[in-house]
Structure formats: C-alpha cells, structure tokens
Amino acid sequence: MTEEGKTYGWKVEYAKSGRSKCTTSKEPIPQGAVRIGREIDNPFKAGTTMHVWSLPEPLFASFHKGSASKARITELEQLEGYEDLKQKDKDKIEELIGEEQEFLEELKEADKNTIYLECTTGGESKFWSIAVSGEVTRVKYGAIGEDGCVSEKTHNSEDAAEKFKDKKLQEKLKKGYVQKDNPVGGGVAKRPAPKAEKPAPAKKAKTEDKKGKKKAEPKIEAAAGGGESGEQGWRVEYAKSGRSKCKDSNEPIPAGAIRIGKEVPNPYKAGSMMFVWYIPENLFKSFHKGSAKKARITSLDQIEGINDLKQKDQDKIEEMIGEEQEFVKELEEAEKDTIYLECKTGGENKFWSIAVKDDVTRVRWGAIGDEGNLSEKTHASNDAAEKFKDKKVKEKLNKGYERA
C-alpha cells in the first residue's frame, strides 16, 4: 500500500496471527506483537474501509520521509485501542509520539533558517530546500507552491551534516537552481505539524456494516447539559453497573466500585457533554505523564459528588489528593536542582530538563517559554534513576543541547 489517499484514523492492537506484514518495512509482524493500523479506503470493496498494518518503529521512522503533508500520529488520542495495551507497550508508544512531537518542533524551527532554491528554467517549476539541525539534515522538494516531500538524514557529526548540505547545494546550483528568499507562510519551507484526519462518519458506518456489527451505544454515560469545548469538571460516584471501563487502564469497573469521571465534549452528540470514567488510582497516576498543564485534581472542592460517598471512601480520595499535592511540591523542589538544557543551534528554540527524586526521574521538554510536556518514570532504585539521567543527558548533549 502507498501513502496516497485519505487516512480516516489509526488503530493499535496486538497482532492476532503471524500472517500480516509491515507495510513500511515489509517485515512479518509476529503474532502478539504490537501493530498500528492506518484506516484507508478499501480498494477491494467500494464504500468500505480497511486497515494497513505497520510495526510501530518503522511507521514512526516513515513519518520523516515522503510527503510533507502525510498523515501522522502526534497525539495518543488519535490511537483507537491504545487503552487495551499493556502498560509497557503504552509507555513505548508514548515515547515514540513524544519523539515525533520533538521532531516536528525541530523541523518547524529548522525551516526558519532553511536554504531555499527554485528551478524555473526549461519549463520547470520546482523547489528544493535544506535545513540543518545538529547532525540532522532535512530536505524538502517538489512543485513550487506545494508542500512537496521531506527527507531526513542523520549524519555522524554536525560537521558531516554541514558538508552534506554544501555538497547538495552545489549540485543543485549546477543543475540550474537559483537561491531565493525563504518563503514566509507559503507552506513550502515552513509548515504546521500535520494531523491525521478524523474518520468520515459514512465510511465508518460502512465499515461497521461490513463487519456485521450494529453501531454500539457508547458505554460512557452522558453528562447533562454542557456543550462548551474542553474539559468541564470532575465527578465521583459508585459505578451503577459493571459495564464501564477505566479510560486509562481499560479495566472493567465493578458495580459499586468508586469511579471518577472527567467531563468532556460528547463525540456522539454535538453540543452535549459526557463523562469518561477512571479507577481513582489509575487516574491519579496518569497526572504524572503527558502535558505539564493537563487538567488534574488537587482539591476535594473540584469533585462533584464527594459528599455522597461513605466516609472511608471520602478519606481514600482525600489521601490521593494529598499525595498529588505532595507530588506537585516534590516536583517543584526537585526542579530547583534540575539539569536544564537548551538547543538553539540551527534555528532551534527548545528545552529539555531532568530531575531525580529518589528512584523517580521527571523529564520536561518543549519549546522555550512553554510549559511543555512532563514524563515521570519510576526505576528499580535511586542508582538506576541516576544512570538513566546520565544516559539521557549525554544523548541530548550529543544532539546539540547545551546547559543553560
């Protein structure tokens, strides 16, 4: 399969057999291995869709070459089935997405200082550009006015990357290309991070018909009222049945068990809100990864229904909130002694930092001036956490980061 055509969505799962092959690398995908599917139009049956499967690492590597506007995965929310994975596999996918977000930021910054050429002789109308970021070169090429294609190459050193740039530049000039001003806002040398398109409702309905399944009602209860964008609030209650599942771990929530709901826009009914439910312990753990400014619970006053719980359950929630408040304070303290790095070479403007607290490492990364993203990892010991810190710092310094 090619990358041409629409992408309706992405799905991740464990391979049901060993028959499928990675469309990116052509390797067989072993039974039980994690595979990611891209939903596309089914060329074998009009009006339906199908998934083409890839191994995660080759898929994410493929985002760095080919069409500059190709569909790619930049958020966990794009992946159907993510919650069904084991925690170690969730962590791996999250790491790949974090690296992809970092790549897009680097690409956006590097493109500001790109060398841009055009060829309009002999009826031609094409462009070629190159940008250097540390030991990485990124080349774009195509018809003038279009996004074109992108190719990324990692060299042995920054010096090798510069030599590659100079060599390719001379080759293009000899072929009749002429250096031009770097276009601003033209979508050629600078582009926003592309996002995968949402599945078309008609296509999804036909896919369900093909599989012989009725369109299932969501297993998540809708909230009354609402309609504003973004998360609206939190609610705690005893599960009314055993049908709901924890949004974070995908574990069933038994009838009568405590569950906490996050109020979000209802994707099944425009203008309304609904709750997605969590097992309390899993919800509070999820606060320690992802966006550094994600919504979190830090006070009992935020939770509707807290007074309707039994006293022992109120105490349990209060204990978790206390631990969360302690975590936030520890994070603030640990970050006073954090190792903070910045990368400003080749037009970059990003930061990366790491702090160690006992056996836990806390990493932040993003554009300088932004809160960025946060990731917490618990290691086997303090010694293991320190080794992890040293390894990651060395990797970043090799990529052109400097202590600030």
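See the structure above.
If you're wondering where the values come from, they're calculated on a predicted model, not measured in any experiment.

Chemist: Account for the pairing of strand β2 (residues 34–41), with residues named and values stated.
Modeler: With respect to burial, β2 is a largely interior element, 7 of its 8 residues being buried. Of the pairings in the sheet, the one linking strand β1 (residues 9–14) to β2 comprises 6 bridges and is antiparallel in character. Bridging from a neighbouring strand, K11 pairs with G37 of β2. Pairing of β2 with strand β3 (residues 49–54) involves 6 bridges; the strand directions are antiparallel. Bridge pairing in β3 links I36 to S54.

Chemist: Break down the pattern of salt bridges for me, with residues and values.
Modeler: Per the stated rule, a full pass over the model turns up 23 salt bridges. A salt bridge links K165 to D166; the shortest N-O distance between them is 3.8 Å. The shortest N-O distance in the salt bridge between D313 and K312 comes to 3.5 Å. Assessed through its relative accessible area of 57%, K312 is described here as exposed. One connected set of salt bridges, linked through shared partners, spans K11, E13, K16 and R35.

Chemist: So what about the nonpolar core? Which residues, and what values?
Modeler: Ranked by internal contacts, the top residues of the largest apolar core, which has 24 residues, are V236, I260, L283, F284, I297, I303 and I317. Elements represented by at least two residues in this core include exactly β12 (234–238), β13 (258–265), β14 (273–278), α5 (280–286) and α6 (311–334). Take this core: its biggest share by element is 5 residues, from β14. Each residue touching L283, except ones within four places of it in the same chain, is listed here: W234, I260, Y278 and I297. Counting 15 residues, the second largest nonpolar core, distinct from the first, contains W10, L59, L85 and I93.

Rules behind the numbers
Residues numbered from 1 in each chain as written. Predicted model: local features only at pLDDT ≥ 70, side-chain atom pairs only at ≥ 80, totals over all residues. Heavy atoms only, no water. Buried < 20%, exposed > 50% of the residue type's maximum accessible area, 1.4 Å probe, protein only. Helix = DSSP H or I, 4+ residues; strand = E, 2+ residues; numbered from the N terminus. Pairing = 2+ DSSP bridges. Salt bridge = Lys/Arg side-chain N within 4 Å of Asp/Glu carboxyl O. Core = buried A, V, L, I, M, F, W, Y, C linked by side-chain atoms within 4.5 Å. Contact = heavy atoms within 4.5 Å.

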